Amino acid sequence: MASFSAFNLSERMVSALNKMGYQEPSPVQSSIIPRALRGESLLCQSPTGSGKTHSYLIPIIERIDVNLPRLQALVVCPSRELARQVYEFAKPFEKYYQRLKVRLFTSEEDKSNNQAGLTSAPQLLIGTPGRLKDILIDEYALDLHGIKTLVLDEADMLMEYGYFDDVDAIYTHIGSTPQVLVFSATLQQGLKQQLAKYIESDFLFSGGEDKTSGDVSHHLVDIKHVGNEAALKNFLKIRNPYLCLVFASKKADVRAIYESLRQDDYAVTMYSGDLETRERRATLKKIKENRYQIIVCSDLLSRGIDIQDVTDVISIDLPSELEYYYHRAGRSGRFGKKGDSWVFYNADNTKRAKLLLEQGVKFDYYTLGKDELSVDPVGLAKKKKYTTKKPFEGEEATEIKKLKARNKTDKVKPAYKKKLNWEVERVKNKYRRKAIQKSVNRAKARKYSKENGDE
């Protein structure tokens, strides 16, 4: 089994990783760390939860000269939440590298608070594009010429949110050409074109075609037109997940589901754009302290945020941008753990689910009842209506056909159908009586045979 000691890392780094609980590198770390240590620029596409963050933090910190108080590495993240998460991964290294200084620049705090204490420059700076541009370029609070490594984390999000203008401004102010490490859960053609100006790398690490980890199982659940809140409560009662994220596309639905669960005393919280920045930060902290079993959220929580031990992800609906489904599902099945992604649907609303199937998502199918989650053998195929009516046979069929022919007319008479149905029912009753009489006669014959010892 591989270990971090197999890489060209210092004893101090290996010891620090062991003390922080990291003994074995993930596949992406095994591929990225040795190359990054050599100063290579590279592009990495790997499913969320595969260990990308430490695959760049470890070589960055290993290559930093802690005796040199100047900015040496810059990590650009597309959201405040993701930037803070990367910062929280990097900050513990200060305990083992005494002169190492890590700072976070985001719009969570006033610009003046970000700038405070910059008389001694951090060696590693993590932040969001807009705030980094404000302080580094507009305010020129730090010298960028000493930057050896630039990281673009979740690059697909940077493109999606339109942040590459800010990234361009930062990149052009870096003195010499830095090592550029690009990490992304997906690599679309437009993104590759955007990245061409920053990185010329022959090395692309790809974690495979799957957009989510292979440890995630995908399920479609027919909720049979039961309301979302009632269906969710039935599901939670049956499934009883350890830690569950419930996604809804609309903020109003997030709040309504949260309020409904809270009134029923579930250990639940909510996370969406409705919350103020401080509320979101406090909520994330409580989530990471495992205070809740259920987190009702918008797609704001689907990208890049690492929440430990999520066992189940429920999509009350599917997002209009189907790419977000993969990010939702990727909140579970992280770091080798198993996870389940459940998508609620009704039989008359299957368009987006079918699109995911066309994209290669391997769903299995369930039907949600009041007390049971049962396997659905039909799935999205049109369900046939089965009847218990016995088809007409023999003489009965012939007589009913003749009856209908005799009563056929071009003119619609009053109560025509009712009268015809009465006549048909009369014929059917006649043959029922005959069937009953035959059954009685057979029973009598068997009884007679037994009494006379014929059997």
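Residues numbered from 1 in each chain as written. Predicted model: local features only at pLDDT ≥ 70, side-chain atom pairs only at ≥ 80, totals over all residues. Heavy atoms only, no water.

1. Here's the deal with the pairing of strand β9 (residues 244-247)
Link 1 in the chain: Here β9 shows two buried faces, one formed by Cys-244 and Val-246 and the other by Leu-245 and Phe-247.
Link 2 in the chain: Bridging between β9 and strand β11 (residues 294-297) involves four bridges; their strand directions are parallel. Bridged to Leu-245 within β11 is Ile-295.
Link 3 in the chain: As paired strands, β9 and strand β12 (residues 312-315) are joined by four bridges and run parallel to one another. By the bridge assignment for β12, Phe-247 is matched with Ser-315. (Buried < 20%, exposed > 50% of the residue type's maximum accessible area, 1.4 Å probe, protein only. Helix = DSSP H or I, 4+ residues; strand = E, 2+ residues; numbered from the N terminus. Pairing = 2+ DSSP bridges.)

2. Considering the sheet that holds β11
Link 1 in the chain: One open sheet accounts for eight strands, arranged β10-β11-β9-β12-β13-β8-β14-β15; its pairing is mixed. The two strands at the open ends of the sheet, each matched to only one other strand, are β10 (268-271) and β15 (373-375). The mean inter-strand angle of the sheet, taken between neighbouring strand axes irrespective of direction, is 25°.
Link 2 in the chain: Two elements, strand β8 (residues 216-222) and strand β14 (residues 363-368), share five bridges in a ladder whose sense is parallel. Within β14, the residue paired with Leu-220 across the bridge is Tyr-365.
Link 3 in the chain: Lying on the sheet, helix α10 (residues 228-239) is in contact with β9, β11, β12, β13 (339-345), β14 and β15; it crosses β13 at an angle near 150°. (Axes fitted to C-alpha atoms, helices over the stretch in contact; angles between N-to-C directions. Contact = heavy atoms within 4.5 Å.)

3. A few points about the packing of aromatic side chains
Link 1 in the chain: Within this structure, the stated rule accounts for 10 aromatic pairs.
Link 2 in the chain: Summarising the aromatic geometry, the rings of Phe-235 and Phe-344 are spaced 5.7 Å apart at their centres and angled 65° between planes, so their arrangement reads as edge-to-face. Of this pair, Phe-235 sits in helix α10 while Phe-344 sits in strand β13, and the two are 109 residues apart along the sequence.
Link 3 in the chain: For Phe-235, a relative accessible area of 0% corresponds to the buried category.
Link 4 in the chain: Aromatic rings pair up to connect Phe-235, Trp-342, Phe-344 and Tyr-366 into one cluster. (Phe/Tyr/Trp six-rings, centres within 6.5 Å; stacked < 30°, edge-to-face > 60°.)

4. Digging into empty space enclosed by the protein
Using a probe with the size of a water molecule, rolled over the atoms, empty space left in the structure can be pinpointed.
Link 1 in the chain: Counting across every chain of the model gives one cavity of 30 Å³ or more.
Link 2 in the chain: Here the largest cavity defines a volume of roughly 40 Å³.
Link 3 in the chain: Taken together, Pro-59, Ile-60, Arg-63, Ile-64, Gln-72, Ala-73, Lys-148 and Thr-149 form the lining of the largest cavity.
Link 4 in the chain: Ranked by residues supplied to the lining of the largest cavity, first place goes to helix α3 (residues 52-63) with three residues.
Link 5 in the chain: Within the lining of the largest cavity, the residues separate by chemical class into four nonpolar, two polar and two charged. (1 Å grid on protein atoms, 1.4 Å probe; cavity = no way out; pocket = protein on both sides within 12 Å on 5 of 7 lines; lining within 4 Å. Points joined across faces, edges and corners; volume = space filled by probe spheres on them. Nonpolar A, V, L, I, M, F, W, Y, C, P; charged D, E, K, R; others polar.)

No statement about biological role is implied by the geometric values presented.
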